[in-house]
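Here's the letter readout for the chains.
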Amino acid sequence: MADRRTFNVVILGVGFLFIFTAFTTCGNVEQTVVKSLGNSTFTGSGYHSLGIIYGVFSFSNLLAPMIVTVIGPKFTMFLSGLLYSGYIAMFIVPSTWSFYLTSVLIGIGAAMLWTAQGQFLVENSEASTINRNTGMFWALLQCSMLFGNLYIYFDWNGRTEIPDNSRRNIFLSLLVISILGTLSFLVLRKSHHEEEMLSEEEGQSLLSTRTMYKHRANTAMQDTKSEFKTILRLLKTKTILLLSPCMAYSGLELSFYSGVYGTCIGATAQFAEAAKGLIGISGIVVGIGEIVGGGLFGLLCKNSRFRRTSVVFLGMVAHFVAFYLIFLNIPDDAPIVFETTSLKKPYLTPSVSIALLCSFLLGLGDSCFNTQLYSILGHAYAEESTPAFAIFKFIQSVCAAAAFFYSGYIMLMWQLLLMVILGFTGTLCFFVVERMQNFSVDIQEF
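The name an unreviewed UniProt entry assigns to the protein is UNC93-like protein MFSD11, from the organism Haplochromis burtoni. Of the comments in the UniProt record for the protein, the one headed Subcellular location (unreviewed entry) reads "Membrane". As its UniProt record puts it under Sequence similarities (unreviewed entry), the protein is described as follows: "Belongs to the unc-93 family."

So this is what it looks like as structure tokens:
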């Protein structure tokens with residue numbers, strides 16, 4: 001049983017590794033690619049596309065548990081992977097209408113994918129292994145930041161513009177990788193929970209296959225109504241309310257490191273011909289930070305209650321140091337310029353070393369916050385994991401969508417200040433929730 005669960009967690013991580021090698025690389029370079037298109041009929045914005053993705057994602061999260069309940073997490077993740085692959089394929093022959101249509105579809109697919117992932121991870125974990133499995137999955141996932149961005153660096157280094165043949169080659173490669181990740185979900189084995197469900201259905205009267213699945217769908221619809229009521233109930237609980245600022249902050253910093261910061265580096269005039277290649281290196285270093293955080297805090301630390309507060313505090317410090325250095329090192333107008341490079345000068349002469357150090361700190365801090373949010377939700381809502389993870393992704397993605405929409409209009413300084421305020425508030429609230437959890441455990445032991 002333990003070996004099968006570990007196998008499932010590893011395959012789950014590998015599948016996400018392939019799919020998000022394609023998607024995170026795409027998100028990191030998307031605005032830069034759009035700016036370099038020679039097609040005068042294309043009027044899309046990378047920021048707006050990412051904003052649509054996360055906006056649709058946020059509201060689809062409320063319905064995603066129904067789909068996961070009806071068809072199961074395994075096939076939900078497979079169908080979602082197909083939608084991710086469709087979005088990547090659009091960049092091979094881009095058009096404005098398909099750009100925004102696939103943005104909507106991938107938003108729906110992302111909601112199904114992450115809700116199914118949360119449920120599948122919990123089903124294949126126990127109280128003693130949830131932290132290990134979360135860290136293992138997160139480390140595998142964040143390896144996705146390495147390979148695609150390495151390709152970007154070697155292909156774009158020294159370029160000031162991105163030619164069409166380079167764009168097509170990159171996205172054809174990413175499409176193949178995304179399809180491989182999608183197919184890997186088909187080799188996942190049934191969890192003990194799924195086997196029990198099938199045994200109950202097969203143990204009933206001799207029903208035809210069609211009737212059996214119709215009965216299962218009707219039961220799932222009833223369960224979905226109950227799940228939606230559970231979501232509404234959980235939204236009113238003190239734990240979710242207190243974790244909301246931390247979840248919201250994770251959305252803001254997600255949009256910043258995954259789409260905005262790379263664009264800022266690429267638009268920094270002082271980096272000259274190295275600027276475009278640095279987008280890829282920055283993405284790699286963010287990934288290294290994510291891997292260090294997921295691996296170190298998910299696999300090596302044993303005292304989960306002590307670890308959560310300590311790791312979240314470390315994440316806050318890492319991010320605040322990064323924000324201050326970015327404020328000094330990157331031009332204030334870097335996020336908002338479109339066809340030109342930045343016109344303003346930063347407080348310091350832009351340094352590649354400082355820019356990449358900030359990338360590492362952004363990745364490390366993001367891993368700190370996300371692994372601990374997963375951990376505390378899995379601990380506090382072990383019996384209600386699907387609605388709890390749906391709420392988390394809803395709040396996170398609403399804030400990420402808002403951040404992507406304002407990122408193209410607001411100066412860098414104000415974006416950083418907003419993240420500092422929300423990050424500090426979210427960390428304090430996380431500490432309060434952890435204290436509540438410890439107090440609850442102490443009462444039960446007493």
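Asks: Where do I start with the nonpolar core in this structure?
Replies: Nonpolar side chains tend to gather and get buried jointly when the protein is soluble and globular. Counting residues in each nonpolar core, the largest one holds 112 residues, and the members touching the most others are Phe16 and Phe171. For this core, the element with the most residues is helix α10 (residues 238-267), which contributes 14 residues. For this core, the two domains that each supply at least three residues are domain 1 (1-188) and domain 2 (237-445). The contacts of phenylalanine 16, once residues within four sequence positions are left out, are Thr21, Met77, Leu113, Trp114, Gln117, Phe137, Leu141 and Phe185. Leu146, Ile284, Val285 and Leu356 belong to the second-largest nonpolar core, a separate cluster that totals five residues.

Asks: Could you clarify how one ought to interpret the pattern of salt bridges in this entry?
Replies: Once their charged atoms are close, side chains differing in charge can pair, the charge on each being opposite to the other. Throughout the structure, instances matching the rule amount to one salt bridge. Between glutamate 434 and arginine 308 there is a salt bridge, with its nearest N and O atoms 2.8 Å apart. With a gap of 126 residues between them, glutamate 434 in helix α15 (residues 412-445) and arginine 308 in helix α12 (residues 304-329) connect regions that are remote in the sequence. Pair check on accessibility: glutamate 434 and arginine 308 agree, each one buried.

Asks: Could you clarify how one ought to interpret the packing of helix α5 (residues 130-142) against helix α13 (residues 352-380) in this entry?
Replies: Each pair of packed helices can be summarised by the angle the axes make with each other and by the distance between the axes. α13 packs onto α5 with a crossing angle of 140° between their chain directions and a minimal axis gap of 10 Å. Accordingly, the angle class assigned to the pair α5 and α13 is oblique. Crossing handedness for the pair α5 and α13: right-handed. For the pair formed by α5 and α13, the contact residues are Asn131, Thr134 and Trp138 on the first element and Asp366, Ser367, Asn370, Thr371, Tyr374 and Ser375 on the second. Looking at the contact of α5 with α13 residue by residue, the classes come out as two nonpolar, six polar and one charged.

Each value, and the rule that gives it
Residues numbered from 1 in each chain as written. Predicted model: local features only at pLDDT ≥ 70, side-chain atom pairs only at ≥ 80, totals over all residues. Heavy atoms only, no water. UniProt positions renumbered as here; feature names shortened; annotations may be inferred. Core = buried A, V, L, I, M, F, W, Y, C linked by side-chain atoms within 4.5 Å. Buried < 20%, exposed > 50% of the residue type's maximum accessible area, 1.4 Å probe, protein only. Helix = DSSP H or I, 4+ residues; strand = E, 2+ residues; numbered from the N terminus. Domains from an automatic or database assignment. Contact = heavy atoms within 4.5 Å. Salt bridge = Lys/Arg side-chain N within 4 Å of Asp/Glu carboxyl O. Axes fitted to C-alpha atoms, helices over the stretch in contact; angles between N-to-C directions. Parallel < 35°, antiparallel > 145°, perpendicular 65-115°, else oblique. Left-handed = near helix turned anticlockwise from the far one by under 90°. Nonpolar A, V, L, I, M, F, W, Y, C, P; charged D, E, K, R; others polar.

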